[in-house]
Amino acid sequence: MVALFPSQALHRADLLLLLFDHTKEARHFFAEAERYGVGRHGFTLPIRGPAGERALFSISAHATDEHWHRWRFTYLKDFRLLADYFHDHAMRLAGLRSNEVLRPLSAREKQCLEGLLQGRAPGQMAASFDLSTSAVHAYLRTAKRKLNCSTLEQTIAKAIQLDLVR
């Protein structure tokens with residue numbers, strides 16, 4: 001399902017934080033969600049597409065409070081990549097985004113994206129690639145533009161999808 005929203009700001013929501021709202025409406029909301037198999041814990045991540053579209057991607061889990069506290073931020077980057085990948089694919093399947101011909105990435109742009117994929121910061125990449133930090137940021141910006149993405153997470157997801165990075 002593709003959900004489009006007006007341009008108002010969307011922020012990540014953690015269901016754990018909402019559980020502390022003990023209003024009648026909150027209790028009703030979570031009781032109804034449980035009937036539909038939604039886990040007690042989860043995230044809702046906002047998605048901002050390259051054409052200005054807005055969407056939400058939600059993940060829920062049936063986990064203990066202790067497990068969720070330890071686990072929830074460990075995989076947040078993975079969830080972000082997954083959300084961007086699914087959104088991009090859904091937009092294409094719905095016919096709302098074309099399979100445009102993309103400009104090829106340079107070797108440096110690929111190298112910088114692979115560095116991000118490995119969890120390296122731009123400063124670390126700059127030192128090991130013998131570049132300035134601003135050059136690394138410039139390569140990442142041009143890669144983002146060439147792949148028609150609005151965030152670096154979307155850029156990485158698309159580069160993986162297109163087998164441009166390992």
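Scroll up to find the structure.
A few points on the structure.

Procedures and definitions
Residues numbered from 1 in each chain as written. Predicted model: local features only at pLDDT ≥ 70, side-chain atom pairs only at ≥ 80, totals over all residues. Heavy atoms only, no water. Phe/Tyr/Trp six-rings, centres within 6.5 Å; stacked < 30°, edge-to-face > 60°. Helix = DSSP H or I, 4+ residues; strand = E, 2+ residues; numbered from the N terminus. Buried < 20%, exposed > 50% of the residue type's maximum accessible area, 1.4 Å probe, protein only. Arc of directions from axis to C-beta. Contact = heavy atoms within 4.5 Å.

## Description of the packing of aromatic side chains
Two aromatic rings are characterised by how far apart their centres lie and by the angle between their planes.
Part 1 of the reasoning: Taken as a whole and judged by the stated rule, the model has 7 aromatic pairs.
Part 2 of the reasoning: Geometrically, the ring pair formed by Phe43 and Trp68 is tilted, given 5.5 Å between the ring centres and 45° between the ring planes. Remark: Trp68 occurs in helix 3 (residues 65-71) and Phe43 occurs in strand 2 (residues 41-48); sequence separation between them is 25 residues. Per residue, the accessibility class of Phe43 equals that of Trp68, and both read buried.
Part 3 of the reasoning: Ring geometry for Trp68 and Trp71: centres 5.2 Å apart, planes at 50°, overall tilted. On the criterion of helical spacing, the pair formed by Trp68 and Trp71 is a turn pair, its members being 3 residues apart in helix 3.
Part 4 of the reasoning: Trp68 gets classed as buried once you look at its relative accessible area, which sits at 0%.
Part 5 of the reasoning: Pairwise contacts between aromatic rings join Phe43, Trp68, Trp71, Tyr75 and Phe79 into one cluster.

## Focus on helix 6 (residues 122-129)
Part 1 of the reasoning: If you check which residues of helix 6 are buried, you get Pro122, Met125, Ala126 and Phe129. Projection of helix 6 onto a plane perpendicular to its axis shows the buried side chains occupying an angular sector of 100°, all on one side.
Part 2 of the reasoning: Buried residues belonging to helix 6 abut helix 5 (107-117) and helix 7 (133-146).

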